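Chain and residue survey
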Amino acid sequence: MEKILLADLSHEQLVSWVTGQGEPAFRATQLFEWIYRSLVSGFGAMANLPLSFRQKLADLATIQSLLPLEAVTSADGLTTKVLLQLPDGETMESVLMSYEGRQTVCVSSQVGCALGCPFCATGQSGFKRNLSAGEIVEQVLHFARQLQARDAAISNVVFMGMGEPLANYEATWQAIRILNDRRGFRLGARRFTISTVGLVPGIRRLAQEKLAVGLAVSLHAADNALRDRLVPVNRRYPLAELIAACQEYVQHTGRRVSFEYALIEGINDAPRQARELGHLLRGLLCHLNLIPVNPTPGCTYRPSSRERVMAFRRELNRMGIANTVRLERGIDIQAGCGQLRSRF
């Protein structure tokens, strides 16, 4: 019999499951606290649970279903990527990024990706399957346990790993609800960011949720012809529809949108294109992250030079568009999505 992954269950679902095993409801809260506050990885450590219940849990359920296969850490010690094997043998990646006063976990939402952006190693590998909510949650717990040993804790979770989280909406949102629950992990809604290539229905749905999590949109071009090449889903949801959905998100949540713009030498990094981008974003509550593209094997795209990045920024600044050149992290360990998996 296949064991149930407890990380798939919200607190309410866990209560239902525990009472279905003939145990009182308060045992579910105890179990939830052991998993998400104490961060234990086995039932034997749950001292306030009766031995008979712990034995039943061991027979019927599991806390850990992911097997770490390989972990690599950058030379500066600030970025760690782990390759995790799923019970069906598929693999996916998670990354821990350390900043001053901040520990951010970048999680995957799918095995592979169906959206085919040409400069993304994950997109080049194709789509295998969606991750369950518990498989997403487990990625966070994996690093939370490591940080706990160093008297540190996760401060942020970003859905910027392998896959398109809004194409796996139900599991993504369930994972957020579980990690946000005040009875367990207690990570505030503003500590989550969902990144999307621009699935308009998902953005509009996200705008209506009670938890106002962050939204990051991978833009990469300010005209439809170029964006069709760089982000193929643009053919289905062109820029006008995408920007309208982002405006709806801002209106309902009061939060600004983060736009990601991968600067590719000679493709999308000319001052003229910066001006087009400025016109596209003008009047929208947003912040633009400029990211020299991360080179991937088999891809001819190269990151923009510093000179071209600075020229691009000058045009944006002149037009009043808030922007930041994002720090490059983990280049020496190929921390870009899908790179460790493809190498393995």
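A few points on the structure.

Cut-offs used in this document
Residues numbered from 1 in each chain as written. Predicted model: local features only at pLDDT ≥ 70, side-chain atom pairs only at ≥ 80, totals over all residues. Heavy atoms only, no water. Buried < 20%, exposed > 50% of the residue type's maximum accessible area, 1.4 Å probe, protein only. Helix = DSSP H or I, 4+ residues; strand = E, 2+ residues; numbered from the N terminus. Pairing = 2+ DSSP bridges. Phe/Tyr/Trp six-rings, centres within 6.5 Å; stacked < 30°, edge-to-face > 60°. Lys NZ or Arg CZ within 6 Å of the ring centre and 35° of its normal.

Comments concerning the pairing of strand β5 (residues 91-99)
Where a strand is regular, its side chains alternate between the two sheet faces. The buried count for β5 comes to 8 of 9 residues, which makes it a mostly enclosed element. Here strand β4 (residues 79-85) pairs with β5 via 7 bridges, running antiparallel. Residue pairing for β5: Thr80 is matched across the bridge by Leu96. The hairpin turn running from β4 into β5, its antiparallel successor, is 5 residues long, and Gly89 in that turn takes a positive phi close to 95°. Here β5 runs beside strand β6 (residues 102-106); their pairing, made up of 5 bridges, is antiparallel. Bridge assignment links Val95 to a residue of β6, and that residue is Cys106. Adjacent in sequence and paired antiparallel, β5 and β6 are bridged by 2 residues, among which Gly101 carries a positive phi angle near 75°.

Examining unusual backbone geometry
With phi around 60°, Leu39 is a residue other than glycine that occupies positive phi space. By the element assignment, Leu39 lies in the loop between α2 (26-36) and α3 (51-60). Given a relative accessible area of 11%, Leu39 falls into the buried group. With a phi close to 55°, Asp151 is a non-glycine residue in the positive phi region.

Some thoughts on the packing of aromatic side chains
Under the defined criterion, the tally for this structure stands at 3 aromatic pairs. Judged by centre distance (6.4 Å) and plane angle (20°), the ring pair of Tyr169 and Trp173 falls under stacked. Here the residue Tyr169 and the residue Trp173 both occupy positions in helix α6 (residues 169-180), the gap between them amounting to 4 residues, near one helical turn. The burial state of Tyr169 is the same as that of Trp173; both residues are buried. The residue whose ring lies beneath Arg102 is Tyr99, and the NZ or CZ to ring-centre distance is 4.4 Å.

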